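A structural walkthrough
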Amino acid sequence: MAGIMEGVAPPMLLNINALILVLGGTAGAVFGGVGMKRFMMIPKLYMKAIMGEQPDLGVRVKTLVSFAERARKDGLLALEEEIEAIEEPFMRKGMQLIVDGTDPDLLREILDAEIDAMAARHKLGSSVFEKAGGLAPTIGVLGTVVSLVHVLSNLSAPETLGPAISGAFIATLYGVGSANVVYLPVCYSLQMQSQKEVDERSLVLEGILAIQAGDNPRMVQQKLLSYLSPDERAVVEAGDAKAELKAVDGGAAQAA
């Protein structure tokens, strides 16, 4: 839009040769840097960056607090009945370790290793777009240099120099534009989602250890709420207040 406002005609920004050079050159360089397996994951990673769902930490807190209440009332072995209903694999694994009587230090070690392995896998995925963001501008400059070599070899026709030089810089435009509008934003999105998942699993780990230690459910909730943003915390606390009010109203109605 800025270019059109400056008087640039959209067809002037279209250069098939530069597009092939920048996209093809970037793809080839990334392929050489990350290998076939990770290169083939690019479409899946791109869709995850655009459409990935954020974990609901409030739901995780409520679930863990309910487990703490059940364990405090009926014992840790009673949680075995809850395990099959847990859809999230990390939480299910942690609860199974509790029921199996795993030592707390070993339990933390196992689940910490799970978190570290997940973060490492996510880092490898985002690095594909990070490499593309670093390589694309350089490939664009390379395309511009190649075009300028051609332009400077035809100085005998001065009237064509302006359009030819303008076309030469289109490759740089494609390289810098694709890096900063596509590749790097996708990389940052994947990194943000990875950090969110690490925070979620850290919350679950602390909740599981608190349940195993037999902490009071209210203390478990207060400990886990520290992982939530103020807005998320307010939603959880508001839900608890409504539940308590409903329970009081129900007790009053039964007494009446």
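A brief report on the enclosed structure follows. This one's a predicted model, so the numbers in the text were calculated from it and none came from an experiment.

Scanning the protein chain from terminus to terminus reveals 11 helices and zero strands. Sequence-ordered secondary structure for the protein chain, helices as α and strands as β, is α-α-α-α-α-α-α-α-α-α-α. In terms of overall size, the protein chain is more extended than a compact globule, its C-alpha atoms giving a radius of gyration of 28 Å where 256 residues would be expected to give roughly 18 Å. C-alpha extents for the protein chain along the principal axes are approximately 100 × 45 × 25 Å. Counting every position in the protein chain, which comprises 256 residues, the buried fraction comes to 32%. Of the accessible surface of the protein chain, which amounts to about 15,200 Å², a share of 62% is contributed by carbon and sulfur atoms. Across the protein chain, the 22 positively charged side chains and the 31 negatively charged ones have centroids separated by 2 Å.

Positionally, Ser-66 belongs in helix H4 (residues 57-74). Ser-66 sits in the partly exposed class, given a relative accessible area of 33%. As for Ser-66 and Ile-4, which are separated by 62 residues in sequence, their C-alpha atoms are 59 Å apart.

Okay, the pattern of salt bridges next. If you walk through the whole model with that rule in mind, you get eight salt bridges. Between Arg-60 and Glu-200 there is a salt bridge, with the nearest N and O atoms lying 2.6 Å from each other. Highlighted residues: Arg-60 in helix H4 and Glu-200 in helix H9 (residues 170-212), separated in sequence by 140 residues. Given the relative accessible area of 8%, Glu-200 is considered buried. With its nearest N and O atoms 3.6 Å apart, the salt bridge here joins Lys-223 to Asp-215. Taking the relative accessible area as the measure of exposure, Lys-223 reaches 36% and is therefore partly exposed. Sharing partners across several salt bridges, the network here consists of Arg-70, Asp-74, Glu-81 and Glu-82.

Now for the nonpolar core. The biggest cluster of nonpolar side chains holds 33 residues, and the ones touching the most others in it are Leu-64, Met-95, Leu-107, Leu-203, Ile-208 and Ile-211. If you list the elements that add at least two residues to this core, you get H4, helix H6 (89-99), helix H7 (104-152), H9 and helix H10 (217-225). Apart from the residues within four sequence positions on either side, Leu-203 is in contact with Leu-57, Arg-60, Val-61, Leu-64, Leu-224, Tyr-227 and Leu-228. Counting residues in hydrophobic clusters, the runner-up holds 13 residues, among them Val-30, Val-128, Ala-136 and Cys-187.

Here the focus is the packing of aromatic side chains. The description of an aromatic ring pair uses the distance of the two centres, along with the angle that the planes make with each other. This model, assessed by the stated rule, comprises one aromatic pair. For the pair Phe-31 and Phe-39, a centre-to-centre distance of 5.4 Å together with 90° between the ring planes defines the contact as edge-to-face.

Relative to the elements of secondary structure, Gln-212 occurs in helix H9. Classification of Gln-212 by relative accessible area gives buried; the value is 16%. Of the polar contacts made by the side chain of Gln-212, one reaches the backbone oxygen of Thr-102; its length is 2.7 Å. Not counting residues within four places of it along the chain, the set of residues in contact with Gln-212 comprises Leu-76, Ile-98, Thr-102, Asp-103, Pro-104 and Leu-107.

A cluster of nonpolar side chains, contributed by Tyr-46, Met-47, Ile-50, Met-51, Val-181 and Val-182, occupies part of the molecular surface with about 600 Å² of accessible area. At the level of elements, helix H3 (42-51) and H9 are the ones that each hand at least two residues to the nonpolar patch. The element contributing the most residues to the nonpolar patch is H3, with four residues. Within the element layout of this structure, Met-51 appears in helix H3.

About the thresholds
- Residues numbered from 1 in each chain as written.
- Predicted model: local features only at pLDDT ≥ 70, side-chain atom pairs only at ≥ 80, totals over all residues.
- Heavy atoms only, no water.
- Helix = DSSP H or I, 4+ residues; strand = E, 2+ residues; numbered from the N terminus.
- Rg over C-alpha atoms; globule rule 2.2 N^0.38 Å.
- Buried < 20%, exposed > 50% of the residue type's maximum accessible area, 1.4 Å probe, protein only.
- Areas by Shrake-Rupley, 256 points an atom, 1.4 Å probe, with all protein chains shown as cover.
- Lys, Arg positive; Asp, Glu negative; His and termini not counted.
- Charge placed at Lys NZ, Arg CZ, Asp CG, Glu CD.
- Salt bridge = Lys/Arg side-chain N within 4 Å of Asp/Glu carboxyl O.
- Core = buried A, V, L, I, M, F, W, Y, C linked by side-chain atoms within 4.5 Å.
- Contact = heavy atoms within 4.5 Å.
- Phe/Tyr/Trp six-rings, centres within 6.5 Å; stacked < 30°, edge-to-face > 60°.
- Polar contact = N/O pair within 3.5 Å; in protein donor to acceptor, adjacent residues only side chain to side chain.
- Patch = residues over 30% accessible without salt bridge, like charges linked within 9 Å, V, L, I, M, F, W, Y side chains within 5 Å.

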